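Now for the letters of each chain:
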Amino acid sequence: MVSLVIEWDFEEKEEPFQLDLSEWEAELKKVYIELELRIQLKKEKEKADQERLDSEEEEKISSEEKEKTDQDRLDSEKQDLLYSEEDAQTYLDRLDLEEEEKISSEEKEKTDQDLLDSEKDEQTYQDCLDLEEEEKISSEEKEKTDQDRLDSEEDDQTYQERLNSNQSETGLPEAIQTGIGELNGLPLALGVLDFQFIAGTMGSAVGEKITRLIEYATREFLPLIIVCASGGARIHEGSFSLMQMGKIACALYNYQLDAKRFYISILASPTTGGVTASFGMLGKVVIAEPEATIAFAGKRVIEQTLNIEVPEGVQQTEFLFTQGAFDLILPRFYLKRILHLIYLLNNYTLSFV
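Residues numbered from 1 in each chain as written. Predicted model: local features only at pLDDT ≥ 70, side-chain atom pairs only at ≥ 80, totals over all residues. Heavy atoms only, no water.

Where an unreviewed UniProt entry is consulted, the chain appears under the name Acetyl-CoA carboxylase beta subunit, with the organism given as Rhododendron huadingense. Reading the Subunit (unreviewed entry) entry of the UniProt record for the chain gives the comment "Acetyl-CoA carboxylase is a heterohexamer composed of biotin carboxyl carrier protein, biotin carboxylase and 2 subunits each of ACCase subunit alpha and ACCase plastid-coded subunit beta (accD)." (UniProt positions renumbered as here; feature names shortened; annotations may be inferred.)

Shown next, in the form of structure tokens:
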């Protein structure tokens, strides 16, 4: 805003009053020009500012467009890279699929070949089984025929004739041998049943010899070992053979409980009938040989009497051991050493010092 100061000179002069506006007009014109100049400068400044703002806006827009362009380019490159990776993955998947198909084809061929080989082996194995079964049946039939022949011959013989025949063939007076011996320097009483003598059956003489052996061991404070391999009580002697079971059991009772001696029973194959039902199972330690047949009634007797089939292996040592029938399964090679250790553990060396 422009202020004009106008001074009026009212002093009285000699000359009459005259108003001179020329200077005022010049001053006013000067002010007007100055105002025009300032307005012009202001407009130019505003225009320059506007141009600067426009330039900055354009630069900003250009920068944003550039950034957008760069981003689009990056997105495009990224998309191209993804497409490239997808193509590579697709190619790898195709290779894997081809490899799997190849492996599957090879496995199928191998499976087919294995199946053919298996069928061939099964056929061969079945043929072998059939052949073995035929041989087994033939062998069983032959054994049955031989057994029937022997039974027929034995039936034709009297009991005394059979005794004489077995004594002549084996050189033994009876089915058991008894005596006194040593086991690594340890004295003991020993009885051994011989299956070759009328199947090791227990008659009156066998029962008497075992009883006297036990009584002798009781008197002499000897450990006792009896090796069993028998078909049981001798049916030729009837009830007299069955009486030996109780007689031997009583002698063992006196030996084990009264005299506090140690009796070990060794079961060889086969051990059946009255021997199993009496002194065969009365030992403080019962030892069985591997794969031995241990039973009361034999398989053939059960099948013929009850008309049933006895499963394989139920009368074998290994199965009976799992049922708790024995204390040890021991091959003959280890018998001497283990028997000596058992007696040492029971302080038997002290009795003979």
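### Some words on the overall build of the chain
Secondary structure summary: the chain contains eight helices and six strands in total. Sequence-ordered secondary structure for the chain, helices as α and strands as β, is α-α-β-β-α-β-α-β-α-β-α-α-β-α. Each of the 353 residues in the chain was classed as buried or not, and the buried ones make up 25%. Summarising the internal contacts of the chain: among those between residues at least 6 apart in sequence, 68% fall at separations of at least 24. Just so you have it, the chain exposes about 25,300 Å², and 53% of that area is on carbon and sulfur atoms. (Helix = DSSP H or I, 4+ residues; strand = E, 2+ residues; numbered from the N terminus. Buried < 20%, exposed > 50% of the residue type's maximum accessible area, 1.4 Å probe, protein only. Contact = heavy atoms within 4.5 Å. Areas by Shrake-Rupley, 256 points an atom, 1.4 Å probe, with all protein chains shown as cover.)

### Thoughts on the packing of aromatic side chains
Within this structure, the stated rule accounts for two aromatic pairs. When the ring of Phe 262 is compared with that of Tyr 343, the centres are 5.7 Å apart and the planes differ by 75°; the resulting orientation is edge-to-face. Highlighted residues: Phe 262 in the loop between helix H4 (239-258) and strand E4 (263-271) and Tyr 343 in helix H8 (residues 335-345), separated in sequence by 81 residues. Both residues of the pair, Phe 262 and Tyr 343, belong to the buried class. Pairing Phe 333 with Tyr 334 gives two aromatic rings, centres 5.1 Å apart and planes at 90°, and the pair type is edge-to-face. Phe 333 gets classed as exposed once you look at its relative accessible area, which sits at 66%. Owing to a relative accessible area of 38%, Tyr 334 belongs among the partly exposed residues under this scheme. (Phe/Tyr/Trp six-rings, centres within 6.5 Å; stacked < 30°, edge-to-face > 60°.)

### Observations regarding H8
Because each turn of an α-helix spans 3.6 residues, side chains separated by three or four positions in sequence point in the same direction. Of the positions making up H8, those classed as buried are Leu 335, Leu 339, His 340, Ile 342 and Tyr 343. The buried side chains of H8 occupy one side of the element, clustering within an arc of 160° when seen end-on. Buried residues along H8 sit in contact with strand E1 (176-183), strand E2 (186-193), strand E3 (224-230), E4, strand E5 (285-288) and strand E6 (328-329). Of the residues flanking the end of H8, it is Asn 347, one or two places downstream, whose phi is positive at about 60°. (Arc of directions from axis to C-beta.)

### Re unusual backbone geometry
Going from Ser 269 to Pro 270, the amide bond is cis rather than trans, its omega being -5°. Locating Pro 270 in the fold gives a position in strand E4. Positioned with a positive phi, Glu 291 is a non-glycine residue whose angle comes to about 60°. As for its placement among the helices and strands, Glu 291 is situated in the loop between E5 and helix H6 (299-306). Residues other than glycine seldom take positive phi values, yet Asn 307 does so here, at roughly 60°. Within the element layout of this structure, Asn 307 appears in the loop between H6 and helix H7 (317-322). A residue is classified by how much of its surface remains accessible, and Asn 307, at 69% relative accessible area, is exposed.

### Considering the pairing of E4
Burial analysis of E4 places seven of its nine residues in the buried class, which makes it a mostly covered element. For E3 and E4, the ladder comprises six bridges, and the chain directions are parallel. Its bridge partner lying in E4, Val 227 is registered against Ile 266. (Pairing = 2+ DSSP bridges.)

### Details of the side chain of Gln 244
For Gln 244, the location among the structural elements is in helix H4. In contact with Gln 244, not counting residues within four places along its chain, are Met 202, Gly 203, Ser 204, Gly 207 and Glu 208.

### Observations regarding the packing of helix H3 (residues 204-219) against H4
Axes are the key here: two packed helices are described by the angle between their axes and the distance separating the axes. At a minimum axis separation of 9 Å, H3 and H4 run at an interaxial angle of 5°. On the basis of the axis angle, H3 is roughly parallel to H4. Residues Ser 204, Gly 207, Glu 208, Ile 210, Thr 211, Ile 214, Ala 217 and Thr 218 of H3 pack against Phe 240, Gln 244, Lys 247, Ile 248, Ala 251, Leu 252 and Tyr 255 of H4. The residue makeup of the contact of H3 with H4, split by class, is eight nonpolar, five polar and two charged. (Axes fitted to C-alpha atoms, helices over the stretch in contact; angles between N-to-C directions. Parallel < 35°, antiparallel > 145°, perpendicular 65-115°, else oblique. Nonpolar A, V, L, I, M, F, W, Y, C, P; charged D, E, K, R; others polar.)

### Comments concerning the side chain of Thr 211
Residue placement: Thr 211 occurs in helix H3. A relative accessible area of 5% places Thr 211 in the buried class. In contact with Thr 211, other than residues within four places in its own chain, are Lys 247, Ile 248 and Ala 251.

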